[in-house]
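Residue-level listing of the chains:
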Amino acid sequence: MKSIREAVDRLLTAHEPYPALAVDTDETIVAMNGGTRLLLAEVSPTLLVPPINVMRVCLHPEGLAARVVNVEEWRSHLVGRLYRQAIFSGRESLRVLYDEVASYVPKAPEDCQGLSDSIVASIRVRALGTELKLFSTITTFGAATDITVAELSLETMHPADEHTADAFRAAAAAAGQTAPWAGEVGSVATPAPTAGG
């Protein structure tokens, strides 16, 4: 996994000063860059104790959701994504996570079937002393011969306007250069067994 860790770190570093993180199939952050740390600076420290779960960080009332301006749209995108992952993968761990984060703002499971299915999510968030406008994308590592690599995905957030880009550049300059934080990439969970598999 050393070469995978190095590749992930290079991708995260290349995206500085904007947020980027790598997550496993249980939505656990295995690596993140300095831009992500800047964005999460005002999140409750209890949510940032490893293992850090990106869904909890984003949706918990003491997490990023408290600062998101378009919180309904953002929550709809994330909860809908998690619902589909839990249903289609059959992973019990994702179903438990879905039940937890859905309880933050109760919603019937069947309501999630029609939630946002966009591959690009927009977020307006109060951070870095201003309102930031970002959009996020997800890249999946395809590696049919290596399940561990295939289970990693890279989530990147991009500035939607020059004001947001300037805010991140200024904050990163003030904070100084930092290396990406890395969790245990090698601890990525193996998929739940499927019928006949």
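All values reported here derive from a predicted model rather than from experimental measurement.

Calculation criteria
Residues numbered from 1 in each chain as written. Predicted model: local features only at pLDDT ≥ 70, side-chain atom pairs only at ≥ 80, totals over all residues. Heavy atoms only, no water. Salt bridge = Lys/Arg side-chain N within 4 Å of Asp/Glu carboxyl O. Helix = DSSP H or I, 4+ residues; strand = E, 2+ residues; numbered from the N terminus. Buried < 20%, exposed > 50% of the residue type's maximum accessible area, 1.4 Å probe, protein only. Phe/Tyr/Trp six-rings, centres within 6.5 Å; stacked < 30°, edge-to-face > 60°. Contact = heavy atoms within 4.5 Å. Arc of directions from axis to C-beta. Pairing = 2+ DSSP bridges. pLDDT = per-residue confidence, 0-100. Axes fitted to C-alpha atoms, helices over the stretch in contact; angles between N-to-C directions. Parallel < 35°, antiparallel > 145°, perpendicular 65-115°, else oblique. Left-handed = near helix turned anticlockwise from the far one by under 90°. Nonpolar A, V, L, I, M, F, W, Y, C, P; charged D, E, K, R; others polar.

Trainee: Please clarify how the pattern of salt bridges should be interpreted in this entry.
Mentor: Pairs can form between side chains of opposite charge whenever their charged atoms are close. Per the counting criterion, the structure on display carries ten salt bridges. Between Asp26 and Arg91 there is a salt bridge; the shortest N-O distance is 3.1 Å. One end of the pair, Asp26, is in the loop between β1 (20-23) and β2 (29-32); the other, Arg91, is in the loop between α4 (71-89) and α5 (92-102), with 65 residues separating them in the sequence. Judged by relative accessible area, which is 8%, Arg91 ranks as buried. The partner of Glu42 in a salt bridge is Arg67, with the nearest N and O atoms 3.1 Å apart. You can see Glu42 sitting in the loop between α2 (34-39) and α3 (54-59) and its partner Arg67 sitting in the loop between α3 and α4, a full 25 residues away along the chain. Here Glu42 falls in the partly exposed class, since its relative accessible area comes to 45%. Arg67 sits in the partly exposed class, given a relative accessible area of 30%.

Trainee: Explanation requested: the packing of aromatic side chains in the structure shown.
Mentor: Within a pair of aromatic rings, the relevant descriptors are the distance that separates the centres and the angle that separates the planes. Under the defined criterion, the tally for this structure stands at two aromatic pairs. Note on Tyr18 and Phe168: the rings are 6.1 Å apart at their centroids and 80° apart in plane angle, and the pair reads as edge-to-face. Taken together, the positions of Tyr18 in the loop between α1 (2-14) and β1 and Phe168 in helix α7 (residues 162-175) put the pair 150 residues apart, joining distant regions of the chain. For the pair Tyr18 and Phe168, one class covers both residues: buried.

Trainee: What's the story with the side chain of Glu27 in this structure? I'm lost.
Mentor: Examined against the element boundaries, Glu27 turns out to sit in the loop between β1 and β2. Under the relative-accessibility criterion, Glu27 is labelled buried at 2%. The residues contacting Glu27, other than those within four sequence positions of it, are Ile52, Asn53, Val54, Met55, Arg81, Leu82, Gln85, Leu94, Leu97 and Glu155.

Trainee: Any chance you could explain α5 here in plain terms?
Mentor: Residues spaced three or four apart along an α-helix point in a common direction, a consequence of the helix completing one turn every 3.6 residues. Three or more residues of α5 are buried, namely Leu94, Leu97, Tyr98, Val101 and Ala102. Buried residues in α5, looked at end-on, bunch into an arc of 125°, giving them a common side. On its buried side, α5 packs onto α3 and α4.

Trainee: How do you make sense of the environment of Arg75 when you look at a structure like this?
Mentor: For Arg75, the location among the structural elements is in helix α4. The class for Arg75 is buried, based on a relative accessible area of 15%. A C-alpha to C-alpha distance of 9.8 Å links Arg75 and Val101, two positions 26 residues apart in sequence. Contact partners of Arg75, with chain neighbours within four places excluded, come to Leu59, Gly80 and Val105.

Trainee: Help me understand the pairing of strand β3 (residues 121-127) in this model?
Mentor: Every regular strand shows the same layout, with side chains that alternate between the two sheet faces. Across the two faces of β3 the burial differs, with Ala121, Ile123, Val125 and Ala127 buried and Ser122, Arg124 and Arg126 not buried at all. Where β3 lies against strand β4 (residues 130-140), seven bridges are found, and the strand directions are antiparallel. Bridging from a neighbouring strand, Ala127 pairs with Thr130 of β4. Two successive antiparallel strands, β3 and β4, enclose a turn made up of two residues, where Leu128 displays a positive phi of approximately 55°.

Trainee: Looking at this structure, I do not really get the confidence of the model for the protein chain. What am I missing?
Mentor: Should pLDDT be low for a region, the predicted coordinates there are not to be read in detail. Averaged over every residue, the pLDDT of the protein chain is 83; the share at 70 or more is 77%. Predicted confidence for residues 112-116 stays below pLDDT 50, and this span has 13 contacts to residues more than four positions away or in other chains. The model gives residues 184-197 a pLDDT under 50, and that stretch makes 24 contacts with residues more than four places away or in other chains.

Trainee: What am I meant to see in the pairing of β2 here?
Mentor: Where β1 and β2 come together, three bridges link them in antiparallel fashion. What sits directly across from Ala22, in β2, is Ala31. The hairpin turn running from β1 into β2, its antiparallel successor, is five residues long, and Glu27 in that turn takes a positive phi close to 65°.

Trainee: Looking at this structure, how should I read the packing of α4 against α5?
Mentor: In a packed pair of helices, the relevant descriptors are the angle between the two axes and the axis-to-axis distance. Following both chains from N to C, one finds α4 and α5 inclined at 150°, their axes separated by 8 Å at the closest point. Classified by the interaxial angle, the pair formed by α4 and α5 is roughly antiparallel. With respect to the hand of their crossing, α4 and α5 are arranged in left-handed fashion. Of the residues in α5, those touching α4 at Val79, Leu82, Tyr83, Gln85, Ala86, Ile87 and Ser89 are Leu94, Arg95, Leu97, Tyr98 and Val101. Looking at side-chain class alone, the contact of α4 with α5 contains nine nonpolar, two polar and one charged residues.

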